[in-house]
Amino acid sequence: MIRPVLVFLMIAPGLAGCGAINPYATAPAAREAKAPADAGPRVAICYNMLRSSLDQVRAAAQADCAPNTTATPVETDWYLQTCPLLLPARATFVCAPQK
């Protein structure tokens, strides 16, 4: 018979790892055909709305943009096609040239 303490010790590391998930880059959402052309390339970030601040998400997007550009948010979706269940939101940004 497995003791409850041993079960807890086996599960605890997995649960502790859930809090260590940070926003990361993924494939951006496709631009709609009717929408005007973007001012630059698109980047996207998977994140958890409850654990990640908007500043963290914007900083991750800015890190993926080229120098002398600004990450400008264009859309957010929750389709779970490109982001995992623990990071269900995908924010898409345009790397617009700085003015």
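Residues numbered from 1 in each chain as written. Predicted model: local features only at pLDDT ≥ 70, side-chain atom pairs only at ≥ 80, totals over all residues. Heavy atoms only, no water.

### A short note on the state of the cysteines
In step 1: The tally for this structure, following the rule as stated, stands at two disulfides.
In step 2: If you count the bonded cysteines of the protein from the N-terminus, they pair up as 1-3, 2-4. (Disulfide = S-S within 2.5 Å.)

### Looking at the sheet that holds strand β2 (residues 42-47)
In step 1: Spatial ordering of the open sheet is given by β1-β2-β4-β3, a layout of four strands whose pairing is antiparallel. Across the chains shown, the open sheet's two edge strands, defined by having one partner strand only, are β1 (24-26) and β3 (69-77). On average, each strand axis in the sheet is tilted by 35 degrees relative to the strand beside it, whichever way the strands run.
In step 2: Taken together, the eight bridges between β3 and strand β4 (residues 89-97) define a ladder with antiparallel strand orientation. Of the residues in β4, the one forming a bridge with threonine 69 is proline 97.
In step 3: Seen against the sheet, helix α2 (residues 54-64) touches β1, β2, β3 and β4 and runs at an angle of roughly 145 degrees to β2. (Pairing = 2+ DSSP bridges. Helix = DSSP H or I, 4+ residues; strand = E, 2+ residues; numbered from the N terminus. Axes fitted to C-alpha atoms, helices over the stretch in contact; angles between N-to-C directions. Contact = heavy atoms within 4.5 Å.)

### With respect to unusual backbone geometry
In step 1: With phi around 65 degrees, asparagine 68 is a residue other than glycine that occupies positive phi space.
In step 2: Mapped onto the fold, asparagine 68 is located in the loop between α2 and β3.
In step 3: Positive phi outside glycine occurs at leucine 80, with the angle close to 60 degrees.
In step 4: By secondary structure assignment, the location of leucine 80 is in the loop between β3 and β4.
In step 5: Owing to a relative accessible area of 44%, leucine 80 belongs among the partly exposed residues under this scheme. (Buried < 20%, exposed > 50% of the residue type's maximum accessible area, 1.4 Å probe, protein only.)

### Let's talk about the pairing of β4
In step 1: Buried residues dominate β4, accounting for eight of its nine residues.
In step 2: Where β2 and β4 come together, six bridges link them in antiparallel fashion. Within the sheet, the bridge partner assigned to arginine 42 lies in β4 and is valine 94.

### Some remarks on the environment of threonine 26
In step 1: Examined against the element boundaries, threonine 26 turns out to sit in strand β1.
In step 2: The sequence separation of threonine 26 and cysteine 83 amounts to 57 residues, and the corresponding C-alpha distance is 7.5 Å.
In step 3: If we ignore the near neighbours within four places in the chain, the residues touching threonine 26 are Ala44, Ile45, Cys46, Thr82, Cys83 and Arg90.

### Some thoughts on the environment of leucine 54
In step 1: The residue leucine 54 is located in helix α2 in this model.
In step 2: For the pair leucine 54 and alanine 91, spaced 37 residues apart in sequence, the C-alpha to C-alpha distance is 10.0 Å.

### A closer look at α2
In step 1: Listed in full, the buried residues belonging to α2 are Val57, Ala60 and Ala61. Seen end-on, α2 carries its buried residues on one side only, within an arc spanning 100 degrees. Along α2, the residues that are exposed and aim more than 90 degrees away from the buried face are Asp55 and Ala63.
In step 2: Residues of α2 that are buried sit in contact with β2, β3 and β4. (Arc of directions from axis to C-beta.)

By themselves, these are just geometric observations and shouldn't be taken as functional.
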